[in-house]
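Listed below, chain by chain, are the residues.
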Amino acid sequence: MKDKASDHNQIEKIKDKIFFLLSTHKDKVSKEKIIFNSGEYLIRQGEVASKVLLINSGVLAVEVFDSNQKPQVVANATQGELIGEMGLFGESIHTASVRVVEGPAEIEIIDNNDLLGALIFDSELVLEILQLSTERCKRSNSMLSNLFSAIKAVNLKDADQLEESIANMDQNFIGFNEISNILRQILTATSGDNINHK
């Protein structure tokens, strides 16, 4: 498995290349700069995807709402990130909400139709956006695998494996503190004196 620094470097290279390639399409891709304050939502889960966001400043949280309509932060996005690109492909529905957590945030809003028009003539930009989505999917798969390992450790009452899984989640993924604490509580509550340590 690649380490966090390697993943981060790969995503940074992709972001830089997308930013550069977008700058070559100034005449085709209109951008509207807007300032958003902390707490404001820019995208809502389930909305029709009509825009892509390019972050110039600020920190945004990518949130997925659970069945109880409680937001779960799955990622943070910072300067240079492209957000909402998944809406360019497939159903054209946003699968997550995006909220400013450290503002004010300067955001360039790019109309999907403008961007799709540019993509028709720029295969390199298409490949970079697909690579960005691929890297994000790989990260999600890794996150799920680690979460399954933690759940399995709770089931086996293996405190050492659980702590290893939690440490990995805390180090590599945003927003897992609550889940980590819940898993620890479940292990403690269900195991009593039967906790397994190596």
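Look up: the structure comes first, before these words.
In this report, we go over the structure that sits alongside the text. (Residues numbered from 1 in each chain as written. Predicted model: local features only at pLDDT ≥ 70, side-chain atom pairs only at ≥ 80, totals over all residues. Heavy atoms only, no water.)

**Looking at the nonpolar core**
Item 1. Counting residues in each nonpolar core, the largest one holds 17 residues, and the members touching the most others are Ile18, Leu22, Leu82, Leu115, Leu125 and Ile129.
Item 2. Counting only elements with at least two residues in this core, the list comes to helix H1 (4-23), strand S3 (51-55), helix H2 (112-120) and helix H3 (123-156).
Item 3. Ranked by residue count, the leading element in this core is H1, at 5 residues.
Item 4. The contact partners of Leu22, leaving out residues within four places of it in the chain, are Lys31, Leu54, Leu82, Ile110, Leu115 and Leu125. (Core = buried A, V, L, I, M, F, W, Y, C linked by side-chain atoms within 4.5 Å. Buried < 20%, exposed > 50% of the residue type's maximum accessible area, 1.4 Å probe, protein only. Helix = DSSP H or I, 4+ residues; strand = E, 2+ residues; numbered from the N terminus. Contact = heavy atoms within 4.5 Å.)

**Quick word on the pairing of strand S4 (residues 59-65)**
Item 1. Taken across its 7 residues, S4 has 5 buried, putting it largely inside the fold.
Item 2. Two strands pair when backbone bridges link them, and S4 and strand S7 (residues 97-102) are joined in this way by 5 bridges, in the antiparallel orientation. Across the sheet, the residue bridging to Val62 is Val98, located in S7.
Item 3. With 6 bridges connecting them, S4 and strand S5 (residues 71-77) associate as antiparallel partners. Looking at the pairing, Val62 lines up with Ala75 of S5. (Pairing = 2+ DSSP bridges.)

**Examining the side chain of His94**
Item 1. Relative to the helices and strands, His94 resides in the loop between strand S6 (82-83) and S7.
Item 2. With residues up to four places along the chain from it excluded, the contact list for His94 reads Ile43, Arg44, Gln45, Gly46, Glu47, Val48, Ala49, Ser50, Lys51 and Gly84.

**Focus: the side chain of Glu128**
Item 1. Checked against the element boundaries, Glu128 lands in helix H3.
Item 2. The charged side chain of Glu128 is buried without a salt bridge, its nearest counter-charge being Lys17 at 4.0 Å.
Item 3. Beyond its immediate stretch of four places on either side in the chain, Glu128 contacts Ile14, Lys17, Ile18 and Leu21. (Lys, Arg positive; Asp, Glu negative; His and termini not counted. Salt bridge = Lys/Arg side-chain N within 4 Å of Asp/Glu carboxyl O.)

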